[in-house]
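# Analysis of the macromolecular model
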Amino acid sequence: MRKTELKIKLSNLKDNINLIKKFTNADIQAVVKANSYGLDVSEVLKVIEDDVESFSVITISEAEEVRKHTTKPILLLQGIHEQEEYSLIEKYKLDFVIHSNWQLHGIEKYNLSNSRIWLKINTGMNRLGINLDDFEKLFQKVKSLNAKDIVLMSQLSASSIKDDSETLSQIETFNNLVNGIPCKKSLSNSGAIFNMPEAEHDIVRPGIAIYGGKYNEFGTKNVSSLTSQIISLRNIKAGDKVGYDGSWTAREDCIIGSIPIGYADGLPYFKKPITVSINGKEFKTAGKLNMDLTLINLEQDSSIKIGDTVKLWDFDSNLSKVSEEFNTISYNLLTNISSRVTKNYLE
Ligand SMILES: *Cc1c(COP(=O)(O)O)cnc(C)c1O
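Below or above, wherever it landed, is the structure these notes cover. (Residues numbered from 1 in each chain as written. Predicted model: local features only at pLDDT ≥ 70, side-chain atom pairs only at ≥ 80, totals over all residues. Heavy atoms only, no water.)

## A short note on the site of the ligand
- In the region of the ligand, 13 residues are neighbours, and Lys33, Tyr37, Ser190, Ile208 and Tyr331 sit closest.
- One of the side-chain nitrogen or oxygen atoms of Ser190 is found 2.5 Å away from an oxygen atom of the ligand.
- Compared with its free state, where it exposes 390 Å², the ligand has 92% of that area covered by protein.
- Applying the majority rule of atoms within 2 Å of the grid points places the ligand in the largest pocket.
- The residue makeup of the shell around the ligand, split by class, is six nonpolar, four polar and three charged. (Near = heavy atom within 4 Å. Polar contact = N/O pair within 3.5 Å; in protein donor to acceptor, adjacent residues only side chain to side chain. Areas by Shrake-Rupley, 256 points an atom, 1.4 Å probe, with all protein chains shown as cover. 1 Å grid on protein atoms, 1.4 Å probe; cavity = no way out; pocket = protein on both sides within 12 Å on 5 of 7 lines; lining within 4 Å. Sits in = over half its atoms within 2 Å of the grid points. Nonpolar A, V, L, I, M, F, W, Y, C, P; charged D, E, K, R; others polar.)

In structure tokens:
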């Protein structure tokens, strides 16, 4: 079998949830969109279901999948994408966001008594959310619906940067608007939980922190390890070209090892060398990433054998650092992993 494998350590997920609880007194909504950032939502829920008050996703089909594993609230973070989805919201008893006026058109026909409506306010990110000027009118409209509850929310644009002034002013704008309104409120994503305790309201919405892809400096643990194995070894001479477009040339005689993982497995495309680890030693890739293969400059290390394990990252890696080599972010590393990669879950 092709041994290109993503291992997921479930105990690290549990540790991350427990760590988040140390940083916040708010209820936790686990963001499990995109199949739990690529790690498999059914496995993730087995570990964290008891620890959280709710879950959130983007699409109805993601919500359907989560509903198989929990009776707790599930929030559609972008609400409906077309009007007909309100009947599925009824069916699966989903919470949903209202971020734009159009999402309220025709909403009265539906029975929303099992749903919380999360009214999303634009406080400066200028992505989704109603304008401050429209708040009073739309809040009254939402109150007139027969929903189970209303939650007021916003999204912070740069919570990963401690004391970012724009983000602090977003928090102030939100607080000024919602202060005194007897509704639950929610503002913090992972970054704010660690960096901006003043953003805390009733519900926090961590995603990447649960999966340990960021905030290792606060104690989160990376939950995944991506490995492949050497399937080919080849001696080449100084001056020989390697791989597509001959874009890499050997400076001295060396051994080129191949591992069966490429961009079709979800590695972000790269042209510059990235670092991998084999038997505790670091090596650089040679040439451009292929669809199904990565080539490695093993220099003159003849101790490396067919079948040896090659680590792209490991449980003790800092995924933010790893992602920099790929010229991307850790969210992208995790959510990109394709179904072709075998996933194995460790207790
Ligand atoms: C994805 C998402 C989150 C989670 O963000 P992290 O940075 O992964 O913690 C929180 N809130 C909203 C609205 C989101 O879309």
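## Some points on the pattern of salt bridges
- Summed over the entire model, instances satisfying the criterion amount to 17 salt bridges.
- As a salt-bridge pair, Asp265 and Arg2 come within 2.8 Å of each other at their nearest N and O atoms. Taken together, the residues Asp265 in the loop between strand 14 (254-259) and strand 15 (275-278) and Arg2 in the segment before strand 1 (5-9) connect sequence positions 263 residues apart.
- The class of Asp265 is buried, set by a relative accessible area of 0%.
- On the accessibility criterion, Arg2 (30% relative accessible area) is partly exposed.
- The partner of Glu43 in a salt bridge is Lys46, with the nearest N and O atoms 3.4 Å apart. In this pair, Glu43 and Lys46 both sit in helix 3 (residues 41-48), three residues apart, roughly one turn of the helix.
- Beyond isolated ion pairs, a larger network of salt bridges with shared partners links Arg2, Asp265, Asp292 and Arg340. (Salt bridge = Lys/Arg side-chain N within 4 Å of Asp/Glu carboxyl O. Helix = DSSP H or I, 4+ residues; strand = E, 2+ residues; numbered from the N terminus. Buried < 20%, exposed > 50% of the residue type's maximum accessible area, 1.4 Å probe, protein only.)

## Focus: the packing of aromatic side chains
- Enumeration over the complete set of coordinates arrives at 12 aromatic pairs.
- Plain terms: the ring middles of Tyr37 and Tyr331 are 6.1 Å apart, the flat faces sit at 35° to each other, and that makes the pair tilted. Of this pair, Tyr37 sits in helix 2 (residues 33-37) while Tyr331 sits in helix 10 (residues 330-336); the two residues are 294 residues apart in sequence, bridging distant segments of the chain.
- Look at Tyr37 and you get buried, because its relative accessible area is 6%.
- A cation over a ring is seen here: Lys9 above Phe315, with NZ or CZ 4.6 Å from the ring centre. (Phe/Tyr/Trp six-rings, centres within 6.5 Å; stacked < 30°, edge-to-face > 60°. Lys NZ or Arg CZ within 6 Å of the ring centre and 35° of its normal.)

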